[in-house]
Structures are given as structure tokens and as C-alpha cells.
Amino acid sequence: STLPNETIVFRAHTHGYYNYLNPALLRVSDSVVLMFAEARKGTGGDSDAIDIAVRRSSDGGRSFGAQRTIVSRGNESCLCIVPVLTPKTHDVLVVFECEHKCGTAQQHMSSIRSTDMGLTFSAPAELSNISYVYGGPGPANAIVTSSGRILVTYQVTTHCPADWHKPPGFDGQTCVILSDDDGR
């Protein structure tokens, strides 16, 4: 059964993906809304290849256009999506984590940007000096202060816990990255 006015934006087992997790909404204008999701391949796990998909609404979220894959890095996992509307240029900035292969490689945060309200996105750019063994940005929100500073939360640790859902003695840190230059 559906809720009144419910719109299913991402449906499992479509477009070549096993499932879609961790959606994030961003209101770009009165009429434009973007919905992002982790588009998961394989069995839908964190260690499977994960792309970032988006659907765009131009009627305030009543309906959404075609699904587009905006980040795909082969067998890498790109997840923990945090979108924000930049305060000065009104660009759509999306921060995310790449290469979630616990214990096999350093992870890093990257970003993409849209200067046309989500119609197109730039190629991913790695955020320098932010790499770690395990962690990521989010959960899916960022804030912009009245001065225009962008704040994005993230968590990091220096090791990969055996059971990351219930990590005993997890040595992680919860941090904030900030930008005073519109996410550049």
C-alpha cells in the first residue's frame, strides 16, 4: 500500500542496481528538488561497487525525471552522500566517500558540483588532506551558517573494525570539515 501522495523515486532491482540506500534530498529552489541515492550493485553490500544516482524534480517533488548515474568509479564504492546548496554561487555541492574497501585501501572524500541546478555535474574531485582507513561524511546533511560557512560532519578511524556495525573499542573520531569559499 502507498501513503497519500507517495512517490517511489528509486526502486530496487532497476537500472542494473540491486538496491538503493541512504537517500538524500536537496531543495535547490521553490520548484527544483534533487534526490540522491547510493546505487548498489552485486548484493547491495558496502563492499560491492556503489555508484551515486540522482533524480531531479522541477515541480517541487511531486514527480521526478529520469534516473541518472552521476558518479561511477568501476569497482569502487562511492557512498555517504552529503548534498548542500552553496551560499554564494548557489551551486549544488555533493560530498561523498570513495573506496569503502575496509582494510585494503585508504578511503578518501571527494566532491562533485553542479552549476545548473542539478542538470549536469562535474567530474569527482578529491578533497585533499582528508583520507582515513574507515569512516565517511554524514549522515546525509550539511549546514550553511549565516556567514556562509559550509559545515559537513564526518567520522574517521585508523583501523577497520571486524564488525563495523558494533565496533568494540572503536577508536573513531567525529569531526567537521568546513569551507568558507563555497566548497572550493
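Residues numbered from 1 in each chain as written. Predicted model: local features only at pLDDT ≥ 70, side-chain atom pairs only at ≥ 80, totals over all residues. Heavy atoms only, no water.

Asker: It is not clear to me how the pattern of salt bridges should be interpreted in this structure. Could you clarify?
Answerer: Pairing between side chains of opposite charge can happen when their charged atoms approach one another. A full pass over the atoms with the stated rule returns six salt bridges. Where R27 meets D30, a salt bridge forms, and the shortest distance between an N and an O atom there is 2.4 Å. The burial state of R27 is the same as that of D30; both residues are exposed. D91 is paired through a salt bridge with R184; the nearest N and O atoms lie 3.3 Å apart. With D91 in the loop between β5 (78–85) and β6 (92–98) and R184 in the segment after β11 (173–179), this pair connects stretches of sequence that are 93 residues apart. Salt bridges sharing common partners tie together D91, R113 and R184. (Salt bridge = Lys/Arg side-chain N within 4 Å of Asp/Glu carboxyl O. Buried < 20%, exposed > 50% of the residue type's maximum accessible area, 1.4 Å probe, protein only. Helix = DSSP H or I, 4+ residues; strand = E, 2+ residues; numbered from the N terminus.)

Asker: I would appreciate a short explanation of the side chain of D91 in the present structure.
Answerer: A relative accessible area of 4% means that D91 is categorised as buried. Separated by 3.2 Å, the side chains of D91 and T89 make a polar contact. Looking at D91, its side chain comes within polar contact range of the side chain of R113, at 3.0 Å. In contact with D91, other than residues within four places in its own chain, are V84, L85, T86, R113, S114, T115 and R184. (Polar contact = N/O pair within 3.5 Å; in protein donor to acceptor, adjacent residues only side chain to side chain. Contact = heavy atoms within 4.5 Å.)

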